Amino acid sequence: MINQTARVFVAVVEERSFTRAANMLHMTQPAVSDYIKQLEEELDITLIERSTRGIRLNPAGEIYYHHVKEMISLEARMHHLIHDLQEETKGPIQIGASYTYGEYILPSILAKLVKKYPGIIPEVHISNSAAIMQGIKSSNLDIGIIEDEITDPRVNITRLLKDAMYIIGDAALPASPSLQTLEERTWLIREEGSGIRHFQEQVFERLGIRPKTITLSSTQAIKNVVASGIGLSLLSKHTIHHELETGRLQHINYNDMSLDRYFYLLTPDVRFQSTSTLALLNLLNETSIESHEVSS
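Only a predicted model underlies this, so the values are computations on that prediction, with no experimental measurement involved.

Caption draft 1: Seen up close, helix H10 (residues 219–227). Along H10, the positions that sit buried rather than exposed are Thr-219, Ile-222, Lys-223 and Val-226. Looking down the long axis of H10, one finds its buried residues gathered within 100° of arc, a one-sided arrangement. The inward-facing, buried residues of H10 contact helix H5 (99–104), strand S6 (155–170), strand S7 (186–189), strand S9 (231–236), helix H11 (241–246) and strand S10 (249–252). The backbone nitrogen of Gln-220 has a side-chain oxygen 3.3 Å away, supplied by the residue at the start of H10, namely Ser-218. Gly-229, located one to two residues past H10, shows a positive phi value of around 95°.

Caption draft 2: Region of the structure containing the layout of surface pockets. Considering only enclosed or pocket space, the second largest pocket measures out at about 290 Å³ in volume. Lining of the second largest pocket is provided by 16 residues; of these, Ser-73, Ala-76, Gln-94, Ser-139 and Asn-140 occupy positions nearest its centre. Elements supplying a minimum of two residues to the lining of the second largest pocket: helix H4 (59–83) and strand S3 (91–97). Of the residues that constitute the lining of the second largest pocket, the class distribution is six nonpolar, seven polar and three charged.

Caption draft 3: Here's a closer look at the packing of helix H1 (residues 4–15) against helix H3 (residues 29–43). Relative orientation of the contacting elements H1 and H3 amounts to 110°, with a least axis distance of 9 Å. Taken as axis vectors, H1 and H3 run roughly perpendicular relative to one another. The handedness of the crossing between H1 and H3 comes out as left-handed. Judged by residue contacts, Gln-4, Thr-5, Val-8, Phe-9 and Val-12 of H1 engage Val-32, Tyr-35, Ile-36 and Leu-39 from H3.

Caption draft 4: Examining the confidence of the model for the chain more closely. Here the chain shows a mean pLDDT of 87. Residues at 70 or above account for 94%. Confidence over residues 292–296 falls short of pLDDT 50; this stretch has zero contacts with residues more than four positions distant or in other chains.

Caption draft 5: Representation of the side chain of Thr-186 within the structure. Position of Thr-186 relative to the elements: it lies in strand S7. The contact partners of Thr-186, leaving out residues within four places of it in the chain, are Lys-212, Thr-213, Ile-214, Ile-230, Gly-231 and Leu-232.

Caption draft 6: How the structure looks around empty space enclosed by the protein. Across all of its chains, the model carries one cavity of 30 Å³ or more by this definition. Approximately 40 Å³ is the volume found for the largest cavity. Lining the largest cavity are Ser-98, Tyr-99, Thr-100, Ser-127, Asn-128, Ser-129, Glu-147, Arg-190, Ser-194, Gly-195 and Ile-196. Within the residue set of the lining of the largest cavity, elements represented by two or more residues are H5 and helix H9 (195–207). Tallied by class, residues from the lining of the largest cavity come to two nonpolar, seven polar and two charged.

Caption draft 7: Fine view of the environment of Ala-221. Checked against the element boundaries, Ala-221 lands in helix H10. Along the sequence, Ala-221 and Leu-188 sit 33 residues apart, while their C-alpha atoms lie 9.4 Å from each other.

Caption draft 8: Molecular detail of the packing of aromatic side chains. Under the definition given, this model contains three aromatic pairs. Measuring from ring centre to ring centre gives 4.9 Å for Phe-9 and Tyr-64, while their planes differ by 90°; the resulting arrangement is edge-to-face. Here Tyr-64 lies in helix H4 and Phe-9 lies in helix H1, a separation of 55 residues in the sequence. Summarising the aromatic geometry, the rings of Tyr-101 and Phe-263 are spaced 5.2 Å apart at their centres and angled 75° between planes, so their arrangement reads as edge-to-face. Remark: Phe-263 occurs in strand S11 (residues 260–268) and Tyr-101 occurs in helix H5; sequence separation between them is 162 residues. Assessed through its relative accessible area of 0%, Phe-263 is described here as buried. When the ring centre of Tyr-262 is taken as reference, the NZ or CZ atom of Arg-159 above it lies at 3.9 Å.

Caption draft 9: Representation of H3 in the model. Helix length check: H3, at 15 residues, gives a terminal C-alpha distance of 22 Å against a target of 21 Å (1.5 Å per residue), a fit within 8%. Taken from the residues just after H3, Asp-44 is the one with a positive phi, measuring 60°.

Caption draft 10: Layout of the side chain of Thr-239. Here Thr-239 lies in the loop between S9 and H11. There is a polar contact of 2.8 Å between the side chain of Thr-239 and the backbone oxygen of Ser-236. If we skip the residues at most four places from it in the chain, Thr-239 touches Thr-100, Tyr-104, Thr-219 and Lys-223.

Caption draft 11: View of the packing of H1 against helix H2 (residues 18–25). The interhelical angle for the contact between H1 and H2, taken along N-to-C directions, is 125°, at an axis separation of 8 Å. Viewed along their axes, H1 and H2 adopt a mutual orientation that is oblique. Helix-helix and strand crossings are classified by hand; for H1 and H2 the assignment is right-handed. Where H1 abuts H2, its residues Val-8, Ala-11, Val-12 and Glu-15 lie against Phe-18, Arg-20, Ala-21, Met-24 and Leu-25. In terms of residue class, the contact of H1 with H2 is built from seven nonpolar, no polar and two charged.

Rules and cut-offs
- Residue numbers restart at each chain and count upward from 1, following the sequence in its written direction.
- Totals for whole chains, interfaces and linings use every residue, but because this is a predicted model, local features are given only for residues with pLDDT of at least 70 and side-chain atom pairs only at 80 or more, for both listing and counting.
- Here the side-chain values reflect all heavy atoms present in the structure, with hydrogen atoms and water set aside.
- Three labels apply to residues, based on accessible area from a 1.4 Å probe with only protein chains included: buried if under 20% of the type maximum, exposed if over 50%, partly exposed otherwise in between.
- Helical segments are the DSSP runs of H or I of at least four residues, strand segments are the runs of E of at least two, and each set is numbered from the N terminus.
- Picture the helix axis, draw a direction to every C-beta atom, and the arc is the one those directions span.
- Whether two residues touch is decided by their heavy atoms; if any such pair falls within 4.5 Å, the residues are in contact.
- Definition of a polar contact: a pair of N or O atoms within 3.5 Å, with one able to donate and the other able to accept a hydrogen when the atoms are protein atoms, and with sequence-neighbouring residues admitted only if both atoms are side-chain atoms.
- We place a 1 Å grid over just the protein atoms. Points where a 1.4 Å probe fits but has no way out form a cavity, open points with protein on both sides within 12 Å along at least 5 of 7 lines form a pocket, and any residue with an atom within 4 Å of a point lines it.
- Grid points are joined across faces, edges and corners, and a volume is the space filled by probe spheres set on the points.
- Any residue that is not Ala, Val, Leu, Ile, Met, Phe, Trp, Tyr, Cys, Pro, Asp, Glu, Lys or Arg is counted as polar, Gly included; the first ten are nonpolar and the last four charged.
- Axis definition: a line fitted to C-alpha atoms, limited for helices to the stretch in contact. Angles are taken between N-to-C directions and run from 0 to 180 degrees.
- Any angle from 65 to 115 degrees is called roughly perpendicular, while one under 35 is roughly parallel, one over 145 is roughly antiparallel, and all others are oblique.
- By convention, the crossing between two helices is left-handed when the near helix turns anticlockwise from the far helix through less than a right angle, and right-handed when the turn is clockwise.
- Scored from 0 to 100, pLDDT records how confident the predictor is in each individual residue.
- Between 30 and 60 degrees the pair is tilted, below 30 it is stacked and above 60 it is edge-to-face, where a pair is any two Phe, Tyr or Trp rings, Trp via its six-membered ring, whose centres lie within 6.5 Å.
- Whether a charge lies above a ring is judged from NZ of Lys or CZ of Arg, which has to be within 6 Å of the ring centre and within 35 degrees of the ring normal.
- Any helix carries an expected span of 1.5 Å times its number of residues minus one.

If you want it as structure tokens, here you go:
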């Protein structure tokens, strides 16, 4: 079991203040300081550097914090699994999802989930593929859905859903441009660590082009910039339905080039899953099968 000293340390780190940690834990500030002092004496090493500008973790503190956070997550998972023996599908579930899946596909699935299992409490963290993979490995997430096939021995990864990617441009651009036009145009791309960014770079390699790029970390921002006539981008069909219907954006077709990719499902390589996690996994797989049948 995680002891109180470790929990106090985590509170100090995350609140970035002994005083704020004390208020959150309903303790006095001297009591919090004593816990940290005893911990550092027990380990015989300083973990937190103090200065007039506040506190910061040194390398030893970073190691201790990282591992304690994993232990807290594992302990919470253990309690949820034990409570699951009551055979009632309920409880929290931590979900990490890429921007495309999390903002455009996942909401309707979660609506079905909580309608069927009102006791399930989903918490969704929208981030890029690299951050979600890290969340799965550290046991901070129960399920991850990403846009990049990243492998790791501590994580189970399976294909979940096929996704068509479209080259998009503003309404004034020719619908079937030349390769020279594609290379001369500025491209709006996502940030490093994003599954879409990786796919965009693969498409540039397939086309044999090295265009000028502008990096944006928001799909909506990319759509707005492209619609203003600044350049081109490559986005999932799920994110641009409305813009295509209204004519704000148009699908750019180059030599009928296929731009399909997949969303990938991540789960920790653990022996037991909570009933809430299993319920969502079943629903995700059912949705994937239904989508495959429709597209076929």
